[in-house]
Amino acid sequence: HDARNFVVAWNESGSKTRLSRVTDYGHVLDTAGVLVDSFTSGASDLTSSGDATLIMLGRDSSLYGNSIAVLAFRVDTALRRLDSMPIVLSPPGPGLTRADPSIAFTGWGYVAAWCNPFRIGTVAYNTNPVLLLLDLQGRALDTAAIVLSLGANSHSYPDVASDGTGFLA
């Protein structure tokens, strides 16, 4: 909810992310959806600060082989993009085929989590869940994502939640 309406995101035809606003009474304001990204692959997630909604998604990086970059961008309450270029949270990774993004508004910024690939030697191998703190403009507060688990097996679907001051991953 962006303090005015609910914001809903979905993937269309497996490659386009669209948004729509829905009133508190269930009226859909953008019945065709507003196209906000044409190269999405897999899941997306969003959260709102009230003034802006931050959308986090995995973008297919077919130019780099079988990989997905983890990106974010902000839209205002009319669903207009506030960032001309996406914010890169994670560049295309080796063998990453889905990122399973999750994002929450903390009151002071955002906390983002996703699955990041890692290598053993020269071979891409599984994924680890990672966490990154972002400011109100969606920019990283840390130089690198924090690895949440170092298990040898592939991880999926990390999730974050916030009570407005702290967060839980």
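About the cut-offs
Residues numbered from 1 in each chain as written. Predicted model: local features only at pLDDT ≥ 70, side-chain atom pairs only at ≥ 80, totals over all residues. Heavy atoms only, no water. Phe/Tyr/Trp six-rings, centres within 6.5 Å; stacked < 30°, edge-to-face > 60°. Lys NZ or Arg CZ within 6 Å of the ring centre and 35° of its normal. Helix = DSSP H or I, 4+ residues; strand = E, 2+ residues; numbered from the N terminus. Polar contact = N/O pair within 3.5 Å; in protein donor to acceptor, adjacent residues only side chain to side chain. Contact = heavy atoms within 4.5 Å. Pairing = 2+ DSSP bridges. Axes fitted to C-alpha atoms, helices over the stretch in contact; angles between N-to-C directions. Core = buried A, V, L, I, M, F, W, Y, C linked by side-chain atoms within 4.5 Å. Buried < 20%, exposed > 50% of the residue type's maximum accessible area, 1.4 Å probe, protein only.

A. Layout of the packing of aromatic side chains. On inspection of all chains with the given rule, the structure shows one aromatic pair. Of note, Arg 81 hangs over the ring of Phe 73, and the distance from its end group to the ring centre comes to 4.1 Å.

B. Expanded view of the side chain of Ser 48. Within the secondary structure, Ser 48 is located in strand S4 (residues 40-48). Polar side-chain contacts of Ser 48 include one of 3.0 Å to the backbone nitrogen of Gly 50. Among the polar contacts listed, one links the side chain of Ser 48 to the backbone oxygen of Ala 52, at a separation of 3.2 Å. Each residue touching Ser 48, except ones within four places of it in the same chain, is listed here: His 1, Asp 2, Thr 53 and Phe 105.

C. Inspection of the sheet that holds strand S2 (residues 16-22) at higher detail. Spatially, three strands are ordered S1-S2-S3 in an open sheet, and the strand pairing comes out antiparallel. The strands lining the two open edges of the sheet, one partner per strand, are strand S1 (6-12) and strand S3 (34-37). Taken over all neighbouring pairs, the strand axes of this sheet differ in orientation by 35° on average, direction set aside. With seven bridges joining them, S1 and S2 adopt antiparallel strand pairing. Bridge pairing in S2 links Val 8 to Ser 20.

D. Structural context of the nonpolar core. In terms of nonpolar packing, the biggest core is built from 14 residues, with Met 56, Leu 89, Ile 103, Ala 112, Trp 114 and Leu 134 touching the most fellow members. At the level of secondary structure, the elements contributing two or more residues to this core comprise strand S5 (53-60), strand S6 (68-75), strand S7 (87-90), strand S9 (110-120) and strand S10 (123-134). Non-local contacts of Ile 103, meaning those with residues more than four positions away in its chain, are made with Asp 45, Leu 46, Thr 47, Leu 54, Met 56, Tyr 110, Val 111, Ala 112, Leu 134 and Val 160. Counting ten residues, the second largest nonpolar core, distinct from the first, contains Val 36, Ile 55, Leu 57 and Leu 79.

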